[in-house]
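Each chain, letter by letter, is given below.
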Amino acid sequence: MTEEAETGVDGLPIDVEGISDVTDGVLKMDLSTSTREDIDFKTTRVVGLLSLLLAEDLGANNDDEVMGLFRQAYKLLELTSRPGRQTASFTAYFFMRDVASLSRRLLWVYVERNGGVPR
């Protein structure tokens, strides 16, 4: 773990630097040089990170903007919204980016509420 790790749900650490690194990597991916396997793998990772952040108390009940982010996240994570094997690669790619971007936004909220500095 890094020095920036914070305590999350059930005492498990929220690795701010690790989440930043993963989402940075996803957002730097280029559609023309990414394989579908890479997209699917990275999508699984960022979906897990988004789910982890949604489990945190980020003050959504008292903050309309945060509640809006939660709504967007839950809509993205619905099984019917996720790309399947038959989904075009570019659609899967943009879904992955949407999840990573939303994860970054929730990470900023997490850091604001708990201290620390995301990269």
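Everything that follows concerns the structure shown earlier in this document.
Description of the pattern of salt bridges
As a working rule, side chains carrying opposite charge can pair if their charged atoms are close by.
Step number 1: One pass over the structure, following the stated rule, counts 4 salt bridges.
Step number 2: A salt bridge links Arg36 to Asp40, with the nearest nitrogen and oxygen atoms 2.9 Å apart. Of the two residues, Arg36 and Asp40 are both situated in helix α2 (residues 36-54); the distance of 4 residues between them amounts to about one turn of the helix.
Step number 3: The salt bridge partner of Asp63 is Arg113, with a shortest N-O separation of 3.2 Å. In this pair, Asp63 is assigned in the loop between α2 and α3 (64-77) and Arg113 in helix α4 (residues 89-114), connecting sequence segments 50 residues apart.
Step number 4: Taken together, the shared-partner salt bridges connect Arg36, Asp40 and Arg85 into one network.

Some points on α2
Step number 1: In a regular helix each residue adds 1.5 Å, so 19 residues correspond to 27 Å; α2 covers 26 Å between its end C-alpha atoms and thus fits that length.
Step number 2: For α2, the full list of buried residues reads Arg36, Ile39, Thr43, Val46, Val47, Leu49, Leu50, Leu53 and Leu54. Buried residues along α2 cover an arc of 165 degrees about the axis, so they all sit on one side. Facing away from the buried surface of α2 by more than 90 degrees, the exposed residues are Glu37, Phe41 and Thr44.
Step number 3: Looking at the buried residues of α2, the elements they touch are α1 (16-28), α3 and α4.

What counts as what
- Residues numbered from 1 in each chain as written.
- Predicted model: local features only at pLDDT ≥ 70, side-chain atom pairs only at ≥ 80, totals over all residues.
- Heavy atoms only, no water.
- Salt bridge = Lys/Arg side-chain N within 4 Å of Asp/Glu carboxyl O.
- Helix = DSSP H or I, 4+ residues; strand = E, 2+ residues; numbered from the N terminus.
- Expected span 1.5 Å × (residues − 1).
- Buried < 20%, exposed > 50% of the residue type's maximum accessible area, 1.4 Å probe, protein only.
- Arc of directions from axis to C-beta.
- Contact = heavy atoms within 4.5 Å.

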